[in-house]
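Coordinate analysis (summary)
One-letter residues, chain by chain:
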Amino acid sequence: GVCFADLGAVTFFRLHGSTAEEPHILLECDSSVLDSIQKHLKLYKIRRKVTITPCPDLSLWAVIPGEQPGDASSLPKSAHPALLLTPDPRAEVMGWRLIAKKGANLSEIIPGSQIGDVQDYHRHRYKQGIPEGVKDLPPGVALPLESNLAFMNGISFTKGCYIGQELTARTHHMGVIRKRLLPVSFPEPPPSSGIPAGSDILTESGKRAGKFRAGQGELGIALLRLAHTKEPLCIQLAGDTVRLRASTPQWWPKAAAK
């Protein structure tokens, strides 16, 4: 596999092995919102004996299987001296999440692995349509169902409660979701300055099809109306027409791809 460092998402990991142990929960988050997340969690602590503290001595890695068949199954089921090595809870195509002490020797934890460029990691997840961090999922803007969190173990429909639970549950059970985050690609290299976040995506006839969120090179992710995803799409940028196309990830549930 290939290992990538310094990543950001919002994922919970349970570190205690049984209910008899003192519970320890590790929260993986976008580094840019570390302070605001700590403040938010402390608001709900309410006299509970809960300690909330950052872990600057830990490093987060993504372990992505290689291109050869069987690479995914060859990954170890446990690792030492890693604090945690577990399948990425979002999708099988994202491989494994590895948390270790800073400075740990990755070749000892995962023999045969090689260190990759973090930009290659982002290109991989954009190709698969996996959102991550505040650029892909802007706080107060991104909706869980439109962001495909129900496909990525990000929503529970059996427990709550949380802000927006009633609307989210009703929309899910009605099955009416008109917009989703989708991977997009540019047939020709986009401008070197990149595509601004929030740029309108249009159909050939000029109808608004959605908005561009973020990307890396010729790959990106966009919130698109499903009715227009199979049409030729474009972004008007400084008088130029930047063409792009959307695709449906193969890891999605089959019913969602229709």
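Residues numbered from 1 in each chain as written. Predicted model: local features only at pLDDT ≥ 70, side-chain atom pairs only at ≥ 80, totals over all residues. Heavy atoms only, no water.

- The chain has the name CAF17 transferase in an unreviewed UniProt entry, where Leucopsar rothschildi is given as its organism.
- Entered under Subcellular location (unreviewed entry) in the UniProt record, the comment concerning the chain runs "Mitochondrion". (UniProt positions renumbered as here; feature names shortened; annotations may be inferred.)

Observations concerning the overall build of the chain
- A count of helical and extended segments in the chain gives 5 helices and 13 strands.
- Within the span of the chain, comprising 258 residues, buried residues form 39% of the whole.
- Taking the contacts inside the chain whose residues are at least 6 apart along the sequence as the reference set, 62% of them involve residues at least 24 apart.
- On the chain, roughly 15900 Å² of surface is accessible, and the fraction owed to carbon and sulfur atoms is 53%. (Helix = DSSP H or I, 4+ residues; strand = E, 2+ residues; numbered from the N terminus. Buried < 20%, exposed > 50% of the residue type's maximum accessible area, 1.4 Å probe, protein only. Contact = heavy atoms within 4.5 Å. Areas by Shrake-Rupley, 256 points an atom, 1.4 Å probe, with all protein chains shown as cover.)

What about the confidence of the model for the chain?
- Averaged over every residue, the pLDDT of the chain is 85; the share at 70 or more is 86%.
- For the chain, strand β1 (residues 2-5) is the element with the lowest average pLDDT, namely 50, and strand β9 (residues 200-203) is the one with the highest, namely 98.
- For the stretch residues 4-9, pLDDT sits under 50, and the model shows 33 contacts to residues farther than four places along the chain or on other chains.
- Scored below 50 in pLDDT, residues 69-73 shows 4 contacts in the model against residues more than four places distant or in partner chains. (pLDDT = per-residue confidence, 0-100.)

Notes on the sheet that holds strand β10 (residues 208-216)
- As summarised here, the arrangement of the 6 strands in space is β8-β11-β10-β9-β12-β13, forming a closed barrel in which the pairing is antiparallel. Going across the sheet, the axis of each strand differs from the next one's by a mean of 45°, ignoring polarity.
- The sheet contact formed by β9 and β10 spans 3 bridges and is antiparallel. Along β10, the bridge assignment pairs I201 with G210.
- Helix α3 (residues 118-128) rests against β8 (179-185), β10 and β11 (219-225) of the sheet, and its axis sits at about 155° to β10. (Pairing = 2+ DSSP bridges. Axes fitted to C-alpha atoms, helices over the stretch in contact; angles between N-to-C directions.)

Some thoughts on the side chain of E146
- Its location among the elements puts E146 in the loop between α4 (133-136) and α5 (165-174).
- Of the buried charged residues, E146 lacks a salt bridge, with K179 as the closest side chain of opposite charge at 4.2 Å.
- Excluding its chain neighbours within four sequence positions, the residues that come into contact with E146 are I177, K179, R180, L181 and L223. (Lys, Arg positive; Asp, Glu negative; His and termini not counted. Salt bridge = Lys/Arg side-chain N within 4 Å of Asp/Glu carboxyl O.)

What about the environment of V242?
- With respect to the secondary-structure elements, V242 resides in strand β13 (residues 240-246).
- Setting aside residues no more than four positions away along its own chain, V242 makes contact with F186, P191, I195, L233, C234, I235 and L237.

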